Amino acid sequence: MRKNGDAMTKVEFHFDFGSPNAYLAYLVIPEIERRTGATFDYVPVLLGGVFKLTGNRSPAESLAGIKNKPDYERLETERFLKRHGITSYRRNPFFPVNTLTLMRGAIAAQRLRVFERYVDEMYRHMWSEPKKLDDGAVWEAVLRKAGFDAEQFSRLVQDPEVKQLLLDNTTRSVERGTFGSPTFFVDDEIFFGKDRLRDVEEMILST
């Protein structure tokens, strides 16, 4: 949210932990919040569900076998890292990781009022200190090490209401135009990809 006169500008970050580009955006969002006074509302969605609903595929699949484009994508990532002084990013050797439990965990973390810390820990162990987080034992060990109640999280990710909330988030996001992650909304204006963060910031400041 950002207050502009009597109006409130709603700024949203629709994310899945499995997207490296969403992680890189997550690292840059605090800079934008400081400069604009906006607070991004983090909305957990299931990227696999987004792909299914839109007929989209992950870059790992869509770029396979294409000459030059994957190399260019890596070059753009390096430029982004350099531009923002990011040194924490590591390629996850277990990629792609099934994020269903992780994203249900994000919904559970909202219920438990530990959402922000949960997001920090999951992103850290996915893309900074990479682990195979779709292994339930590994995920629970990470939770315990971070001081969370792993057993409580394990119960909640099986809760029908938690499952439905993630499904609802994903469906609503797609209905608004989402086809991948990261996706941003400034009020109802949609932006896709980490490279659109400059446009997101300009839109925030212009509203």
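Residues numbered from 1 in each chain as written. Predicted model: local features only at pLDDT ≥ 70, side-chain atom pairs only at ≥ 80, totals over all residues. Heavy atoms only, no water.

### Focus: the pairing of strand β4 (residues 41-44)
Stage number 1. For strand β3 (residues 11-15) and β4, the ladder comprises 4 bridges, and the chain directions are parallel. Paired with E12 across the two strands is D41, which belongs to β4.
Stage number 2. Crossover β3 to β4 through helix α1 (residues 20-36) is right-handed. (Pairing = 2+ DSSP bridges. Helix = DSSP H or I, 4+ residues; strand = E, 2+ residues; numbered from the N terminus. Right-handed = clockwise from strand over helix to strand, strands pointing away.)

### Some points on the packing of aromatic side chains
Two descriptors summarise a pair of aromatic rings, namely the distance from one centre to the other and the angle between the planes of the rings.
Stage number 1. Within the structure shown, the criterion is met by 20 aromatic pairs.
Stage number 2. Looking at R176, its charged tip hangs above the ring of F185, at a distance of 3.9 Å from the centre.
Stage number 3. In this structure, K194 packs its charged tip against the face of F80, placed 5.5 Å from the ring centre. (Phe/Tyr/Trp six-rings, centres within 6.5 Å; stacked < 30°, edge-to-face > 60°. Lys NZ or Arg CZ within 6 Å of the ring centre and 35° of its normal.)

### A short note on the nonpolar core
Stage number 1. Residues F13, F17, F40, Y118 and Y123 are the most contacted members of the largest nonpolar core, which totals 51 residues.
Stage number 2. For this core, the leading source of residues is α1, giving 8 residues.
Stage number 3. With sequence-adjacent residues up to four places away left out, F40 is seen in contact with V11, F13, I29, I32, E33, F184, V200 and I204.
Stage number 4. By size, the runner-up hydrophobic cluster in this structure holds 6 residues, among which are V45, L47, V50 and F51. (Core = buried A, V, L, I, M, F, W, Y, C linked by side-chain atoms within 4.5 Å. Buried < 20%, exposed > 50% of the residue type's maximum accessible area, 1.4 Å probe, protein only. Contact = heavy atoms within 4.5 Å.)

### Thoughts on the pattern of salt bridges
Stage number 1. Taken as a whole and judged by the stated rule, the model has 14 salt bridges.
Stage number 2. One salt bridge in this structure joins E31 and R35, with 3.9 Å as the shortest N-O distance. You can see E31 and its partner R35 sitting in helix α1, 4 residues apart, about one turn around the helix.
Stage number 3. Measuring nitrogen to oxygen at the nearest pair gives 3.1 Å for the salt bridge that ties K132 to D134.
Stage number 4. In this structure D134 comes out as partly exposed when scored by relative accessible area, which is 30%. (Salt bridge = Lys/Arg side-chain N within 4 Å of Asp/Glu carboxyl O.)

### Some thoughts on the packing of helix α5 (residues 100-112) against helix α6 (residues 115-128)
In helix packing, the relevant descriptors are the interaxial angle and the interaxial distance, both defined with respect to the helix axes.
Stage number 1. Remark: α5 packs on α6, axes separated minimally by 8 Å, with the N-to-C direction vectors making an angle of 160 degrees. One way to sum up the angle between α5 and α6 is to call them roughly antiparallel. Counting all contacts with α5, which are made through T101, L102, G105, A106, A109 and Q110, the residues of α6 involved are F115, Y118, M122 and M126.
Stage number 2. Looking at the contact of α5 with α6 residue by residue, the classes come out as 7 nonpolar, 3 polar and no charged. (Axes fitted to C-alpha atoms, helices over the stretch in contact; angles between N-to-C directions. Parallel < 35°, antiparallel > 145°, perpendicular 65-115°, else oblique. Nonpolar A, V, L, I, M, F, W, Y, C, P; charged D, E, K, R; others polar.)

### Overview of the sheet that holds strand β5 (residues 183-186)
Stage number 1. The strand order across the open sheet formed by 4 strands is β4-β3-β5-β6, and the pairing between neighbours is mixed. Strand pairing shows two members of the sheet lacking a second neighbour, β4 and β6 (189-192), which therefore form its edges. Geometrically, the sheet is characterised by an average inter-axis angle of 25 degrees between neighbouring strands, direction not taken into account.
Stage number 2. Sheet topology note: the β3/β5 ladder contains 4 bridges and is antiparallel. Residue H14 lies in a different strand from β5, and its bridge partner there is T183.
Stage number 3. On the sheet, α5 packs against β3 and β4 and is oriented at approximately 130 degrees with respect to β4.

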